[in-house]
Amino acid sequence: LVNRGDFLHALEHDVKPAFGSSAEALDHYLARGIITWGTPVSGLLEDGMLLINQARSTESSGLVSVLLEGPPNSGKTALAAQLAKNSDFPFVKVCSPEEMVGFTESSKCLQIRKYFDDAYRSVLSCVLVDNIERLLDYGSIGPRYSNLTLQALLVLLKKEPPRGRKLLVLCTTSRKEVLKDMEMLSCFTAVLHVHSLTKPEHLIAVLEESDVFSKREIQDIARKLQGQKLFIGIKKLLALLDMARQTEQQYRVIKFLTKLEEEGGLDTGSSLH
Ligand code: ATP
Ligand code: MG
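Definitions and cut-offs
- Residues numbered from 1 in each chain as written.
- Chains lettered and ligands numbered in written order.
- Predicted model: local features only at pLDDT ≥ 70, side-chain atom pairs only at ≥ 80, totals over all residues.
- Heavy atoms only, no water.
- Buried < 20%, exposed > 50% of the residue type's maximum accessible area, 1.4 Å probe, protein only.
- Helix = DSSP H or I, 4+ residues; strand = E, 2+ residues; numbered from the N terminus.
- Pairing = 2+ DSSP bridges.
- Core = buried A, V, L, I, M, F, W, Y, C linked by side-chain atoms within 4.5 Å.
- Contact = heavy atoms within 4.5 Å.
- Salt bridge = Lys/Arg side-chain N within 4 Å of Asp/Glu carboxyl O.
- Phe/Tyr/Trp six-rings, centres within 6.5 Å; stacked < 30°, edge-to-face > 60°.

Peer 1: Lay out the pairing of strand β1 (residues 63-69) in plain terms, naming residues and giving numbers.
Peer 2: Burial of β1 is extensive: 7 of the 7 residues sit out of reach of the surface. Across the two faces of β1 the burial is the same, with L63, S65, L67 and E69 and V64, V66 and L68 all buried. Where β1 and strand β4 (residues 166-173) come together, 7 bridges link them in parallel fashion. In the strand pairing of β4, L67 is matched with C171. Both β1 and strand β5 (residues 190-193) contribute to a ladder of 4 bridges, which runs parallel. Across the sheet, the residue bridging to E69 is H193, located in β5.

Below is the structure:
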């Protein structure tokens, strides 16, 4: 028996992606926006735009696949979502391990396959495959992974869409070397590196975009970070800022710097205090 609820469910989950945009799905990954904290970010967005144009162009083949690789917390998923959004392709689908928790290998493969099949039906489509190594059930202890899912992805990453259709595939991973061992790296049109913040000026640019610290406090932090080496992902940094925001104002700067040091965001931890 099919009732109204089923119909609405289908409308929400099955029908819409084939026609309308899935921009809301992307906004979920972009809730905190993209802060252009330095040339690594602007450079990646520019390279991404070239690849998007390549995917759209009628002379090129119908398939452009891009891997965004970088350390954990460096902002891979958000940047991939931003590229998908920049493409302005009407069909966008996000394939992420979170929504496949508890799936068997074969149902996972079927689901991935369905995303691509849906994409082939639209003229301009974008499929975002987030966190590939997780999707493949890769575990560093073992190491084991789902060969079935790997084979499915390898096929889909190479398969040209039907004539006249354009497909942009955006993938993310923090385990580039694992994908290399799985002979997946060579499948991509391009591999873009997502950087962590490595210079004090990167960090200061983020502080200036957020409203946690006053101008004077930012100057203070800049002075203390001078000459220090830094290595922190944007996601981690934003989390530290959230924590600082909750801290009483008089302790905010020192709390932030201490946490930055504790998290290993600073290479040398000597001269802070
Ligand atoms: P994980 O390794 O856990 O998969 P990730 O590398 O995918 O993490 P994201 O989940 O994309 O990281 O988190 C990045 C967060 O930082 C997002 O909330 C995003 O809105 C925000 N952000 C702000 N500026 C940037 C930027 N320049 N690049 C990427 N993300 C940014
Ligand atoms: Mg991610």
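Back to the text.
Peer 1: Any details on the nonpolar core? Residues and values, ideally.
Peer 2: In terms of nonpolar packing, the biggest core is built from 54 residues, with L168, L203, V206, L207, F213, I221 and F256 touching the most fellow members. Residues contacting I221, with those up to four places away along its chain left out, are L203, I204, L207, F213, V253, F256 and L257. Ranked by size, the runner-up nonpolar core spans 31 residues in total, among them I132, L136, L154 and L156.

Peer 1: How would you explain the pattern of salt bridges if you had to name every residue and give the values?
Peer 2: Here the idea is simple: oppositely charged side chains can pair when their charged atoms come close. Enumeration over the complete set of coordinates arrives at 14 salt bridges. The salt bridge partner of K224 is D220, with a shortest N-O separation of 3.8 Å. With K224 and D220 both in helix α10 (residues 215-225) and 4 residues apart, this pair spans about one turn of that helix. Judged by relative accessible area, K224 falls into the partly exposed class, the value being 28%.

Peer 1: Could you give an account of the packing of aromatic side chains, naming the residues involved and the relevant values?
Peer 2: As enumerated under the stated definition, the model contains 2 aromatic pairs in all. Look at F116 and Y120: their rings are 6.4 Å apart centre to centre, the planes differ by 55°, and that puts the pair in the tilted class. Within this pair, F116 and its partner Y120 are both found in helix α5 (residues 105-120), separated by 4 residues, close to a single helical turn. Comparing F116 with Y120 shows no difference in burial state: the two are buried.

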